[in-house]
Amino acid sequence: AQSVTQLDSQVPVFEEAPVELRCNYSSSVSVYLFWYVQYPNQGLQLLLKYLSGSTLVKGINGFEAEFNKSQTSFHLRKPSVHISDTAEYFCAGSEGGSEKLVFGKGTKLTVNP
Amino acid sequence: DTAVSQTPKYLVTQMGNDKSIKCEQNLGHDTMYWYKQDSKKFLKIMFSYNNKELIINETVPNRFSPKSPDKAHLNLHINSLELGDSAVYFCASSQSGGITYNEQFFGPGTRLTVL
């Protein structure tokens with residue numbers, strides 16, 4: 001069965017600094033991977049997704065992620081964060097094209113001035 | 001606006017009561033989902049319906065019963081509410097795409113508090 005692990009529960013950074021949020025997955029079959037963002041008191045919004053093809057995926061709001069099969073990772077990065085990026089970030093995966101999404105436990109990104 | 005909507009946004013109720021949460025999507029999707037987000041923000045799928053038919057049913061107590069009157073609606077009915085049911089419940093929808101996975105669109109959530 002697939003699992004998704006987010007290694008950091010909280011990541012504090014200063015504004016304009018780069019950030020990396022880590023995500024690892026385990027799956028015995030092909031996997032689709034996603035990053036969602038949840039702003040305070042709101043639903044989830046898709047940032048980016050990896051289905052196949054290029055391992056570097058660019059998403060909205062300047063975020064990107066790299067699929068690394070050998071390290072079973074899908075880390076999220078942004079070169080320069082803004083205060084408005086403060087939110088909870090969820091990594092998720094679906095196994096073999098299944099409709100079922102398995103979520104990591106989330107990483108709370110706090111951007112300080 | 002095209003979106004996934006849920007009502008109510010907040011629900012406060014006593015233990016033992018029965019309550020329903022409604023979800024509607026006007027995106028023309030054929031698949032809808034219910035997720036539960038606990039107090040530690042952990043998100044877990046509960047149910048999924050495709051064209052009004054149940055396709056995913058995780059280990060959820062029988063007190064939870066989803067109902068899909070049509071493919072645009074997926075309601076969640078909860079009987080005999082317990083303290084542990086307190087959580088934020090998210091509805092989502094997507095268009096099934098065979099070998100191509102399609103994005104799930106989430107509603108704003110319903111915060112259920114059981115006293």
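Residues numbered from 1 in each chain as written. Chains lettered and ligands numbered in written order. Predicted model: local features only at pLDDT ≥ 70, side-chain atom pairs only at ≥ 80, totals over all residues. Heavy atoms only, no water.

Draft legend 1. Focus on the interface of chain B and chain A. Each partner contributes to the interface: chain B provides 24 residues, whereas chain A provides 21 residues. Of the roughly 1800 Å² buried between chain B and chain A, counting both surfaces, carbon and sulfur atoms make up 57%. Between the two partners, chain B and chain A, sit one salt bridge. Between chain B and chain A we count three residue pairs in polar contact (both at pLDDT 80 or more) in total. Elements with a minimum of two residues in the side of chain B that touches chain A: β4 (31-37), β5 (43-50), β6 (53-57) and β9 (87-94) of chain B. It is β4 of chain B that contributes the most residues to the side of chain B that touches chain A, three residues altogether. Its residues assigned to classes, the side of chain B that touches chain A comprises twelve nonpolar, six polar and six charged. (Contact = heavy atoms within 4.5 Å. Buried area = accessible area lost by both parts, 1.4 Å probe. Salt bridge = Lys/Arg side-chain N within 4 Å of Asp/Glu carboxyl O. Polar contact = N/O pair within 3.5 Å; in protein donor to acceptor, adjacent residues only side chain to side chain. Helix = DSSP H or I, 4+ residues; strand = E, 2+ residues; numbered from the N terminus. Nonpolar A, V, L, I, M, F, W, Y, C, P; charged D, E, K, R; others polar.)

Draft legend 2. Spatial organisation of the state of the cysteines. The final tally for this structure, using the stated rule, is two disulfides over all chains. Between the sulfur of Cys 23 of chain A and that of Cys 91 of chain A lies a disulfide, 2.0 Å long from S to S. Residues Cys 23 of chain A and Cys 91 of chain A are joined through a disulfide that is left-handed, its torsion about the S-S bond being -70 degrees. With Cys 23 of chain A in the loop between β3 (19-21) and β4 (24-26) and Cys 91 of chain A in strand β10 (residues 87-95), this residue pair connects regions lying 68 residues apart in the sequence. On the accessibility criterion, Cys 23 of chain A (0% relative accessible area) is buried. For Cys 91 of chain A, a relative accessible area of 0% gives the class buried. Shown here is the disulfide that connects Cys 23 of chain B with Cys 91 of chain B, its sulfur atoms set 1.8 Å apart. (Disulfide = S-S within 2.5 Å. Buried < 20%, exposed > 50% of the residue type's maximum accessible area, 1.4 Å probe, protein only.)

Draft legend 3. Representation of the nonpolar core. Counting residues in hydrophobic clusters, the biggest one holds 28 residues, and the most contacted among them are Trp 35, Leu 47, Leu 48, Phe 74, Leu 76 and Tyr 89 of chain A. Of all the elements in the fold, those that place two or more residues in this core are β2 (10-14), β3, β5 (31-38), β6 (44-50), β8 (64-68), β9 (73-78), β10 and β12 (107-112) of chain A. Listed in part, the 20 residues of the second largest apolar core include Met 32, Tyr 49, Tyr 89 and Val 114 of chain B. (Core = buried A, V, L, I, M, F, W, Y, C linked by side-chain atoms within 4.5 Å.)

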